[in-house]
Structures are given as structure tokens and as C-alpha cells.
Amino acid sequence: MRTFLIGLKINQKLIIMFLSISLILIITGFVALQVSFSIYEEQLYRQAAEFLILLSEMVDIRLNKIEQISFDILSSKEVQEYLAIVRRDGNSYNQYEVLNNFDKKMLTWFFNENYISSVNVVDIKNNQYSWGRNTVRIDPKRLEFIWKQAIRRKGGMVWIGPSDFDHFVVAARMVRSIPNLELENLGLIVIRIDPEKLFNNFSNRKLTSEDELNFVILSTDGVVIYQKDNHQFLFNELIYRMNKKMGYFIDNIQGEKYLITYVTSQWTNWKFVNLLPYTSIFKNIIAVHTILVLVYVGVFVLVVYLSFLFSRGITKPFKRLTNKMKMVEKGEFEKIAQMGVSIKKQGDEIAELEYNFHLMVDKINTLIKENYLKQIAIKESQFKALQAQINPHFLYNTLDSINWMARFNKQYQIASMVKALGSLLRNSISNKSEIISLKEEMKILEDYIIIQKYRYGERLKFSMDIPQDYWECMIPKLSLQPIVENSIQYGLEKIVGVCEIKVWIEPLEKELKIWIEDNGPGMDKDFVEKLNRGEIESRGSGIGIKNINERIKIIFGLEYGVNVSSVLGEGTKVCIFIPCRRSDDFV
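Residues numbered from 1 in each chain as written. Predicted model: local features only at pLDDT ≥ 70, side-chain atom pairs only at ≥ 80, totals over all residues. Heavy atoms only, no water.

> Got a minute to help me understand the environment of tyrosine 470 in this structure?
Here tyrosine 470 lies in the loop between β12 (460-465) and β13 (474-476). Between the C-alpha atom of tyrosine 470 and that of leucine 438, which follows or precedes it by 32 residues, the distance is 7.2 Å. Look past the residues within four positions of tyrosine 470 in its chain and what remains in contact with it is Leu438, Ile505, Pro507, Leu512 and Cys580. (Helix = DSSP H or I, 4+ residues; strand = E, 2+ residues; numbered from the N terminus. Contact = heavy atoms within 4.5 Å.)

Structural data, given as C-alpha cells:
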């Protein structure tokens, strides 16, 4: 793609640019419109869900009350006594007297809930006894189904939706023997509930000022328990999508698009579903969407036309300037100078560009030479400044004399330390090149470690693993020792235990990564970032990481340098990244 764009002419690039900008704006508009759709859908869903949750909770309160009524009936003495007699000996002489008490008890029971149509009690022999506002005898097939569901629940409440035999909702449960906790099955209590009276007061609410709540209650298998309108939707085809406690989705029902919101009753696991016609609730947004599409198409056509005119006006002067640049390529500076006599500075940006181009052609050779010499001078001055900064001002000859005096007095530890210090200073202030081999740099570091070992003893554990194959690779003098010194100063001196410092090498194809790692207290993230950006100066008179980093970049290039990584409480790692060059490469 990049190669293709580079090969295009500037007028083609301008046209592509204008078209791309217009397409981005159009796509952004469509995305914003879709986001607004999503937000509006989410708001409708939340509003509908709040209604459904409220309805579910209010219905659950009534259903809970029905369950309590069923428990009061089955636990009453008269019901227990009569059903127990029927189970033991249906022809007992006192059966009729108990039945009379049973009937009186049920007649005196006050059912003040208008949605309870009747209460049926079925004994173990399938004899039915019915009380209430609308007493009926339950169809044998429906009764058989209710028996099976109640037995499966083992005394728990069973909620059964309407059927072809009975359009009432049924709440049923087994009657089990309570005295002596025998828990024998004595019969069945069936409470028939009028769904119109149970749900009608709740379903007359409105979701918005325009849309009524299209309210449906489904059983767990998709059977309609209650439906406010007369639409015959096939909800059993949608129930599989209602696989959460609550949610919403969009689906086509009988050729019409609906926003379907549902919640699940905590009491019965029924699904309380609301259906909103999609076209009615989104009609305003759909109209805006259509208008925006027409506007975007018109804008796009206009942009295409203007981009052609604009690109043609710009590219013509550029073609003239391109021809002059080809003359520069051929070295025809004098010819271009004659052409530039008539060029004036006044005009648009392109005219000014052509004027400045002629000035550039006149001075290009001078600028190249001056710039080249300036850069060399800057690098030399920087290098000299860094060299002056790192030259220590010690007299190692005096240290050599101290070494021999210590040996004469048999102070071998002092002699060893002074010898190491003298060797360290001699290598530091020698007149050799500022780029030395890795082997020589290792010798400076080893002399420094000898001194520090006498100072810290067993608290300092140092190891260096640099294969001999890389000893001849060149590195700026005093690159490793200052970093190890920092590890001792900020690591060993701030911890109680042993400070472990490791120096090892990671060879790459033509480059090296030298790692200096310690187990010190580490540094926080902000400080490490400032250190890598060169915002932290060296404390005292030592050589800081910034100094080492600058020297590496001046000698080897900007892609090389020093990087620090550290985690507070886990130690610090410093990476020196340099090319693997031998001494012959610098001749």
C-alpha cells in the first residue's frame, strides 16, 4: 500500500485524501448513529426491565400468599383427619361425621382474594371436593397431570399454566400426614386462579406515553400463562433465547420486528416478557437515519467534484517545480539561476515555495559544507567535554610508593588495595584512546571490585560472565565500573544482607547487550523513566548513567545506549547496548 501511494501523482493523492476524509466523516457519523441506537435500546430495555421486575415482584407476593393459603389448608386438623380416614379405611362409620366437619371447615374458610376461583381437595381415591366462587370438577386428564407434577415435587408447590381443558392457572401441592411426622401422601390440594384477575391490574401500565406494556407470562417450557393482547405468537420458538435471569433481544415475529425484554420470577421461574414493535419506537430515529444517508451521499458527490478542481489548481505549479528539481539533479544550477530572475517572493504559498527553492539552489553547496563541518565540531567538542569530565585528578605514582611501603611493613591487604587503586587510576587517566577493548574494561572493573571487597567483605558478592570471544569488542572507557559503583552505592549500602552484583553478556547477531544486575532495593517507575530520559544528573563527582549513554551515542550512533529497568523491592538491571566492533573497525 505504501509503495502504491508513493507511486501516485500528487493530484491523485489529493483526491484520495479528500475522499478518505469524507469517508471517515461519513463512517464516524454512521458509527455515532449506531451508538445512539444502542444507547436508546439500552434505555428502553432498562425502563421495560424495571416495569417487569416490579410486576414480577408484585405477582410473586400474590403467589406467595396463595402458597401460604395452601399450607394453611393442608395443615388444618379437619383436612388431615378426613384424608387420613379415607386412606386407612374408607368405609369407617365415623367417616361421614369427619366429612361433615371437613366440609364445615372449608365453608367457613374466607377467601378474600378475588383471583382465587376455587379450591379443590382430592383424596387418595381421586374423589374431588370443591369450594369457592367457581367450583368445577377438574378434568381427569388434567388431574392426572397435576398428580404427577405434585408427586415429583414431594410436597412442594407446583405452578401449572392454562391448558385446553382449563384456562385457569393451577397451584397444587401434595397433602402429607403431619401427625407423628409420618409424611404419608393423603391427597392433593388444587387452587384454581383466574389469570385475568391475577394479572390484569398490573398489565394496564404504560411503558411510555405512547406504548402500552405488551405483557406476556410464559412458563419454563414456553406455554403462555397469561397474555394481555390477542396476538398468537409462537413463544416456544423464543423461549430458548431467554436463557438468562433477565435480558433483551430483537427478533422477527410473524414478519414484524420486536424489541423483546424479559425477566425471570424468583418464585416460579416464569418469564415476564414485554414486546415492543421496533418500527413504532424507532420511527423518529429511522427518519433521521434516512435523512443523514441522503445528506452524506450529497456531501460525498460534492467533495469528489471539488477535489478534482482543487487538485488540478495545485498540481500545475508543482509540475513546473518538479521539472526544475530534475535540472538540479543534473547539476544545472546556472540555468536554474537564470530562470529564477523573474520569480517574485509575493504570491501564494506555491510561489513562495518556488522562490525559496531558487534560494536553496544558490546556497545548497555552501550549506552542505558548513553543516558537515559544524556537526563534526559539535561532536568533537562534546567528546572532549565528556573526556575532561571523566579524567580523575589523582597521582597514581604516590599510590605506588604507598604500595611498596605497605609491603615492606607486611601490610599486604593495604598493599593489595593500593595496587588495585593505582592500576585503576592508571587505566583511567592513560593516554590511550577513549575506546578500549572489553578485556581492558574488565580489568578496570576487577581492580575496582578488589578495593570494594576489602571494604565490604562478605556483604559483596560479585560475578562476571563475559566469554573470551567478546574480549576484543570495543567499548567506551569507564562504562562498566561507574554502573557497578552505582549498584554498590544505591544497592549494597541500603540493604542489610548480601548484595549480589552480576555482569553478563547477551550476544546478538552483530551487537552486544551487557547486563549489570543487582538485588538492591530497586527504584520506583517514575524515577526509572526520568533516568532513561536523561533527566537525572549524577550526584557528586562520579560518572552518571547519562554521561555513559551520551558517550555511547556519540561514538556508535543514536540507536545504541544505556537503558535501566527496575522494580521497587526487586532490584535493578542496567543494559548497555553496543555494536560488536573490533579495534580494526576504528582505524
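> Got a minute to help me understand helix α3 (residues 77-88) in this structure?
The periodicity of an α-helix, 3.6 residues per turn, causes residues three or four positions apart to be oriented the same way. Given a rise of 1.5 Å per residue, 12 residues ought to cover 16 Å, and the 16 Å separating the end C-alpha atoms of α3 matches this to within 8%. Within the sequence span of α3, burial applies to Val79, Gln80, Tyr82, Leu83, Ala84, Ile85 and Val86. (Expected span 1.5 Å × (residues − 1). Buried < 20%, exposed > 50% of the residue type's maximum accessible area, 1.4 Å probe, protein only.)

> Please clarify how the packing of helix α13 (residues 438-456) against helix α14 (residues 481-490) should be interpreted in this entry.
Two measures define how a pair of helices packs: the angle their axes make with one another and the distance between the axes. For the pair α13 and α14, interaxial distance at closest approach is 9 Å and the crossing angle is 20°. Considered as vectors, α13 and α14 are oriented roughly parallel to each other. Considering how the two elements wind past one another, α13 and α14 form a crossing that is right-handed. On α14, the residues that touch Glu441, Ile444, Leu445, Tyr448, Ile449, Gln452 and Tyr456 of α13 are Gln481, Val484, Glu485 and Ile488. (Axes fitted to C-alpha atoms, helices over the stretch in contact; angles between N-to-C directions. Parallel < 35°, antiparallel > 145°, perpendicular 65-115°, else oblique. Left-handed = near helix turned anticlockwise from the far one by under 90°.)

> Please explain the nonpolar core as it appears in this structure.
In summary, soluble globular proteins display a tendency toward joint burial of nonpolar side chains. By size, the foremost hydrophobic cluster in this structure holds 43 residues, and its most contacted members are Val484, Ile514, Ile516 and Ile576. Per element, the largest residue contribution to this core is seven residues, and it comes from α13. The contact partners of valine 484, leaving out residues within four places of it in the chain, are Leu445, Tyr448, Ile449, Phe462, Ile501, Val503 and Ile516. In terms of nonpolar packing, the next biggest core, distinct from the first, is built from 39 residues, Leu52, Met157, Leu198 and Ile217 among them. (Core = buried A, V, L, I, M, F, W, Y, C linked by side-chain atoms within 4.5 Å.)

> Whenever I open this one, the packing of aromatic side chains confuses me. Can you help?
By convention here, two paired aromatic rings are described through the distance between centres and the angle between planes. In the structure shown here, the tally under the stated rule is five aromatic pairs. Residues phenylalanine 556 and tyrosine 560 carry aromatic rings whose centres are separated by 6.4 Å and whose planes lie at 75° to one another, so their mutual orientation is edge-to-face. Looking at tyrosine 560, the relative accessible area reads 8%, which means it is buried. Taking the centre distance of 5.1 Å and the plane angle of 45° together, the rings of tyrosine 560 and phenylalanine 577 count as tilted. In this pair, tyrosine 560 is assigned in the loop between α16 (545-556) and β16 (561-567) and phenylalanine 577 in strand β17 (residues 571-579), connecting sequence segments 17 residues apart. Grouping aromatic residues by their ring pairs yields a cluster made of Phe556, Tyr560 and Phe577. Here arginine 192 stacks its cationic end above the ring of phenylalanine 168, 4.3 Å away from the centre of that ring. One cation-aromatic arrangement involves lysine 573 over tryptophan 515; the distance from NZ or CZ to the ring centre is 4.8 Å. (Phe/Tyr/Trp six-rings, centres within 6.5 Å; stacked < 30°, edge-to-face > 60°. Lys NZ or Arg CZ within 6 Å of the ring centre and 35° of its normal.)

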